[in-house]
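Each chain, written out:
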Amino acid sequence: MRHWMQAPCVGQFSFTRERVRAHWSALHTADALPCPTDDALLDGWALFHTGLLERAQHTGHALPGVRGAALACRASACHARPVEHSSGERLRLLLRLHMRACTFAAFAPREAGAWFWQGWALTQYVRFGGIAPALSQGFVAPALAALRTALLLDATHPFAHLTLGLLHASLINTLGAIGALMGYGVREGAALLHLRTAVQAAPTCPAVLHEAAQALLLLGEGNLPEAITLIERAAHHSARDASEWLWVELARAQLEL
């Protein structure tokens, strides 16, 4: 497996464990993780927020317990989307992330994040690999089940609401309202509720704003004004770490199209 591409913002942000601790609540609204008390784990998160994603992932895997797994999953996810540009490599990363999240859930079945990362990885596979391959490989139903499990364990999890809304929107966009409803019990109203819940819970997270906007666009032109507002909010956000910078730049690029 090749080394990961370096995030283009490396060098713009510098985090120590003390800075991670000071800014934790602002930077982790969407993933709903408590601030670690372990210094080694804080050092791993400092790598993540600085933009050293591959090192952060390795650090997370090397640490025992569910919090190390959460770091490894988020670092992998941030690299797969939005850093990695190769479609084939992104899909391979997503499948590896899904397998690791399944292992995470096997050891910590009451951990909402473990189920969320399973659902996130498969949802991104649906988006970037296509609905047809995802359906043929049986990925859609497990993605829905994992995200719903995450919300059963943590009903307020912003990233889980966002991703479930995005998956609903992707299914509706591809299968049509009737097909999505008959095949998976997915309704547009539920998709909108999940997306707006995520935005309300994490109103300054550019990843949430950007991805909610993409989901709204999948649901039809009637949502265009709301989507544009969210993209503009993301684009005008002052990035506080490397992860936010990546999403802000995606939003700015979309506004320039």
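Structure report, in brief. (Residues numbered from 1 in each chain as written. Predicted model: local features only at pLDDT ≥ 70, side-chain atom pairs only at ≥ 80, totals over all residues. Heavy atoms only, no water.)

1. Re the packing of aromatic side chains
A ring pair, where both rings are aromatic, is described by two values, the distance of the centres and the angle of the planes.
Thought 1: Applying the stated criterion across every chain yields a total of 6 aromatic pairs.
Thought 2: Considering the side-chain rings of F116 and F159, the 5.8 Å spacing of their centres and the 10 degrees angle between planes classify their relative orientation as stacked. Placement of F116 in helix α6 (residues 112-129) and of F159 in helix α9 (residues 158-184) is noted, with a sequence separation of 43 residues between them.
Thought 3: Here Y125 and F139 contribute two aromatic rings whose centre-to-centre distance is 5.1 Å and whose plane-to-plane angle is 90 degrees, an arrangement assigned as edge-to-face. Within this pair, whereas Y125 is found in helix α6, its partner F139 is found in the loop between α7 (131-136) and α8 (140-153), the two being separated by 14 residues in sequence. (Phe/Tyr/Trp six-rings, centres within 6.5 Å; stacked < 30°, edge-to-face > 60°. Helix = DSSP H or I, 4+ residues; strand = E, 2+ residues; numbered from the N terminus.)

2. A few points about the side chain of S76
Thought 1: By the element assignment, S76 lies in helix α4 (residues 66-83).
Thought 2: What S76 contacts, discounting residues up to four positions off in sequence, is W4, Q57, L97 and R100. (Contact = heavy atoms within 4.5 Å.)

3. Quick word on the pattern of salt bridges
Two side chains carrying opposite charge are able to pair once their charged atoms lie near each other.
Thought 1: Scanning the entire structure with this criterion turns up 12 salt bridges.
Thought 2: Close ionic contact of D43 with R17 constitutes a salt bridge, the shortest N to O distance being 2.7 Å. Remark: R17 occurs in helix α1 (residues 17-27) and D43 occurs in helix α2 (residues 39-50); sequence separation between them is 26 residues.
Thought 3: With a relative accessible area of 26%, R17 lands in the partly exposed category.
Thought 4: For R252, the salt bridge is made with E249, and the minimal N-O distance between the two is 3.1 Å. A residue pair is termed a helical-turn pair when its members lie 3 or 4 positions apart in one helix, as R252 and E249 do in helix α13 (residues 242-256) at 3 residues. (Salt bridge = Lys/Arg side-chain N within 4 Å of Asp/Glu carboxyl O. Buried < 20%, exposed > 50% of the residue type's maximum accessible area, 1.4 Å probe, protein only.)

4. Section: the environment of H237
Thought 1: For H237, the position within the fold is in the loop between α12 (224-235) and α13.
Thought 2: C-alpha separation for the pair H237 and L63, spaced 174 residues apart in sequence, amounts to 33 Å.
Thought 3: Excluding its chain neighbours within four sequence positions, the residues that come into contact with H237 are T204, P206, E244, V248 and R252.
Thought 4: A polar atom in the side chain of H237 sits 2.8 Å from the side chain of E244. (Polar contact = N/O pair within 3.5 Å; in protein donor to acceptor, adjacent residues only side chain to side chain.)

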